[in-house]
Amino acid sequence: MRRKIVAGNWKMNNNFNQSMELIDLIIKNSKKESKCEIYVSPAYPFLKDVRIRCSSSDIKVMAQNVSHTNHGAFTGDVSCNMLQSIGVNSVIIGHSERRTFFKETDELLLNKLELCVENDFEIFYCIGENLEARKSNRAYQVIETQLNNTIFNISNINPKKLVMAYEPVWAIGTGLTAKPIEAQEMHHFIREKFKNNYNNDVSSNLTIIYGGSVKPDSAKDIFLQPDVDGGLIGGASLNSNDFSDIINSI
Ligand code: PEP
């Protein structure tokens, strides 16, 4: 059985008090039985406190980014080992905001992926096409290239430690959600590529979640798609009630 996951990406929002308030509300709401695993991703300075708060619940905590290297003169970077030392073993890699604003290339992302596999991290790996590619019918080509340049160079993929996030760039933070059928078709395509590149076992056990302006009223139809195993939620994860409604849409 594939894992079902709803993960909240808080991005660069919430100071310490706001992060604590939000996680307390999310924990309170999560006491009800849910059909999926729940992750939250606060900013670096609050990871440890949020993780400690979550130890009374099933909610897991992940980092929004990690360095491409283990240690040394990389001002501002945070390594896998540093995260592990505060009990955080999951991380988002390849978010389009990192690719766009911080110019993270496929080469750098492959480096990060390799290091995370080496450090036994659970990886949430984001891929997605921009609007221009979608409009010119090149979405599938872009996704295939992103896969070929990065994750497919890793031979020892453990599908239990990898979550693929299909996040069309044109849908992130824009209020435009992919149509459920568009999400399904791309998730199916990604799953087929994993089957061709690895094997049936990897592909059928791989969790592929969708991200891009998922809101309480759009979540259900997207999550109903057979190849969609949950969501990576940005804006709506900052409101505990919306996040909880999305969790309950699975
Ligand atoms: C994201 O940042 O991963 C995301 C999906 O954001 P939003 O839900 O706000 O589009």
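Cut-offs used in this document
- Within each chain, residues carry numbers counting from 1 in the order of the written sequence.
- Local features in a predicted model are, by the rule used here, given only for residues with pLDDT of at least 70; side-chain atom pairs are given and counted only at 80 or more, and totals for whole chains, interfaces and linings are based on all residues.
- Here the side-chain values reflect all heavy atoms present in the structure, with hydrogen atoms and water set aside.
- What makes a salt bridge here is a side-chain nitrogen of Lys or Arg within 4 Å of a carboxyl oxygen of Asp or Glu, nothing more.
- What counts as a helix is a DSSP run of H or I of at least four residues, what counts as a strand is a run of E of at least two, and both are numbered from the N terminus.
- For every residue, the accessible area (1.4 Å probe, protein chains only) is compared with the maximum for its type, and the residue is labelled buried under 20%, exposed over 50%, or partly exposed between those bounds.
- Any residue with at least one heavy atom within 4 Å of a molecule or strand is counted as near it.
- A 3.5 Å cut-off defines polar contacts: any pair of N or O atoms within that distance qualifies, except that in protein one atom must be a possible hydrogen donor and the other a possible acceptor, and neighbouring residues in sequence count only when both atoms are side-chain atoms.
- Computed by Shrake-Rupley with a 1.4 Å probe, the accessible areas treat only the displayed protein chains as cover when residues are assessed.
- Three classes are used: nonpolar for Ala, Val, Leu, Ile, Met, Phe, Trp, Tyr, Cys and Pro, charged for Asp, Glu, Lys and Arg, and polar for all others, with Gly counted as polar.
- Axis definition: a line fitted to C-alpha atoms, limited for helices to the stretch in contact. Angles are taken between N-to-C directions and run from 0 to 180 degrees.
- Every angle not falling under 35 degrees, over 145, or within 65 to 115 is termed oblique; those three ranges are roughly parallel, roughly antiparallel and roughly perpendicular.
- Left-handed describes a crossing whose near helix is turned anticlockwise from the far helix through less than a right angle; right-handed describes the clockwise counterpart.
- Residues are treated as being in contact if the distance between any of their heavy atoms lies within 4.5 Å.

Asker: Looking at this structure, I do not really get the pattern of salt bridges. What am I missing?
Answerer: One pass over the structure, following the stated rule, counts 17 salt bridges. A salt bridge links Glu104 to Lys112; the nearest nitrogen and oxygen atoms lie 3.0 Å apart. Close ionic contact of Lys193 with Glu144 constitutes a salt bridge, the shortest N to O distance being 3.2 Å. Note that Lys193 is positioned in helix α8 (residues 180-197) and Glu144 in helix α7 (residues 139-149), a separation of 49 residues in sequence. Using a relative accessible area of 19% as the deciding quantity, one classes Lys193 as buried. Residues participating in the shared-partner salt-bridge network are Arg2, Arg191, Asp227 and Asp229.

Asker: What should I look at first to understand the site of the ligand in this one?
Answerer: The environment of the ligand is made up of 14 residues, and the closest members are Lys11, His95, Glu167, Gly173 and Ser213. In this structure, an oxygen atom belonging to the ligand sits 2.6 Å away from a side-chain N or O atom of Lys11. For the ligand, whose free accessible area comes to 290 Å², the fraction covered by protein is 97%. Across the shell around the ligand, the residue classes break down as four nonpolar, eight polar and two charged.

Asker: How should the packing of helix α1 (residues 16-29) against helix α2 (residues 47-54) be read in this particular structure?
Answerer: Packed helix pairs are characterised by how far apart their axes lie and by the angle those axes make with each other. It is at 10 Å that the axes of α1 and α2 come closest, and there the two elements cross at 25 degrees. Looking at the two axes, α1 sits roughly parallel to α2. The crossing of α1 and α2 is right-handed. Contacts between α1 and α2 pair Phe16, Met20, Ile23, Asp24 and Ile27 from the former with Asp49, Val50, Arg53 and Cys54 from the latter. Per-class residue counts for the contact of α1 with α2 are six nonpolar, no polar and three charged.

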